[in-house]
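Descriptive analysis of the structure
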Amino acid sequence: MVELHPLVAYCNRFLASGDFDDYAPNGLQVEGERPIARLVSGVTASAALIEAAIAWDADAILVHHGWFWKNEAPCLTGIKGQRASRLFKAGCSLIAYHLPLDAHPQVGNNATLARRLGWVDAEPVADCRGLLWSGRLALGCAPETLAAELSERLGRRATLIGAGRERIERLAWCTGGGQGYIEQAAALGVDAFISGEISEQTTHLAREHGIAFLAAGHHATERYGVQALGEHLAERFGIGHRFVEIDNPA
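Fair warning: this is a prediction, and the values are worked out from it, not measured in the lab.

What follows is about the sheet that holds strand 1 (residues 27-30). Pairing is mixed across the open sheet formed by 5 strands, whose spatial order is 1-4-3-2-11. In this open sheet, the two strands that pair with only one neighbour each are strand 1 and strand 11 (240-243). Across this sheet, the average inter-strand angle for adjacent strands is 30°, counted without regard to direction. In the sheet, strand 2 (residues 38-44) pairs with strand 3 (residues 60-65) via 5 bridges, with the strands oriented parallel. Directly across from G42, in strand 3, lies its bridge partner V63. Packing against the sheet, helix 1 (residues 4-15) makes contact with strand 1 and strand 4 (93-96), and its axis sits at approximately 135° to strand 1.

It is worth spelling out the packing of helix 1 against helix 10 (residues 224-237) at this point. At a minimum axis distance of 12 Å, the contact between helix 1 and helix 10 shows a crossing angle of 125°. Taken as axis vectors, helix 1 and helix 10 run oblique relative to one another. For the crossing formed where helix 1 meets helix 10, the hand is right-handed. Seen from helix 1, the contacting residues are L7, Y10, C11, F14 and L15; seen from helix 10, they are L229, H232, L233, R236 and F237. Of the residues assigned to the contact of helix 1 with helix 10, the class counts are 8 nonpolar, 1 polar and 1 charged.

This paragraph deals with the side chain of T221. The topology assignment puts T221 in helix 9 (residues 218-221). Since its relative accessible area comes to 1%, T221 is described here as buried. A polar side-chain atom of T221 sits 3.0 Å from the main-chain amide nitrogen of G176. In contact with T221, not counting residues within four places along its chain, are N109, L113, L154, T175, G176, S195, G196 and A216.

Relative to the helices and strands, N12 resides in helix 1. Classification of N12 by relative accessible area gives partly exposed; the value is 27%. The sequence separation of N12 and R34 amounts to 22 residues, and the corresponding C-alpha distance is 20 Å. Leave out the neighbours within four places in its chain, and N12 touches S17, G27 and Y97.

Once that is clear, we can look at the sheet that holds strand 5 (residues 120-124). What the 6 strands build is an open sheet, ordered 5-6-8-9-10-7; its pairing is mixed. The open sheet has two edge strands with one neighbour each: strand 5 and strand 7 (159-161). Direction aside, the axes of adjacent strands within the sheet are offset by 20° on average. Relative to strand 8 (residues 168-174), helix 5 (residues 109-117) is tilted by about 150°, and along the sheet it contacts strand 5, strand 6 (133-141) and strand 8.

Definitions and limits used
Residues numbered from 1 in each chain as written. Predicted model: local features only at pLDDT ≥ 70, side-chain atom pairs only at ≥ 80, totals over all residues. Heavy atoms only, no water. Pairing = 2+ DSSP bridges. Helix = DSSP H or I, 4+ residues; strand = E, 2+ residues; numbered from the N terminus. Axes fitted to C-alpha atoms, helices over the stretch in contact; angles between N-to-C directions. Contact = heavy atoms within 4.5 Å. Parallel < 35°, antiparallel > 145°, perpendicular 65-115°, else oblique. Left-handed = near helix turned anticlockwise from the far one by under 90°. Nonpolar A, V, L, I, M, F, W, Y, C, P; charged D, E, K, R; others polar. Buried < 20%, exposed > 50% of the residue type's maximum accessible area, 1.4 Å probe, protein only. Polar contact = N/O pair within 3.5 Å; in protein donor to acceptor, adjacent residues only side chain to side chain.

Rendered as structure tokens:
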């Protein structure tokens, strides 16, 4: 068991959350009533995740996508109010880390995705705050083969823009909604850029830069960082941890 605030303070230091100008507050978002003996992790602080955590009698929920985003109504009404009410009634805390959990070299989404897929020489690209990474395949392959492997390993059909590439060896990637990094990726001279989402302009940019682009799912590419952080905290503080997968095809 660990007290809530020391656990959050440790996470803030470990993830260097103060170094990021983010779209939402990082750290403790809802303060519960008790120390942490059981921690549930998940990608997004949805009603389904909250109910699963309460059913397991969790003391805190750790997520990548929390609440209180910029340009979003701040009032706890409607859906957000219903979610918050369930947390308050259960006395459960909500802890969220967004960009710091994308960037971390050990438990971050980019690092853990590379490990899961067996990409080698994985490292963050300079001057991109750890949000854009590069590396290579252990064995080069055709774009269609890479898309099939991503689809199988992540359980979500990847969208492929081949852009005339016949073989993929060097990669760049940014999980989640990181498709906007495609031009920085192209400047690295990679064969393919991988992200979670695709925007209308991404197809044109991939074709005109002559690199393959693969969109493997926002949720699918960001499942592994929060799991790794939860496991790290469980080991460090001797608490119970359970990752709850709430299916999301997007």
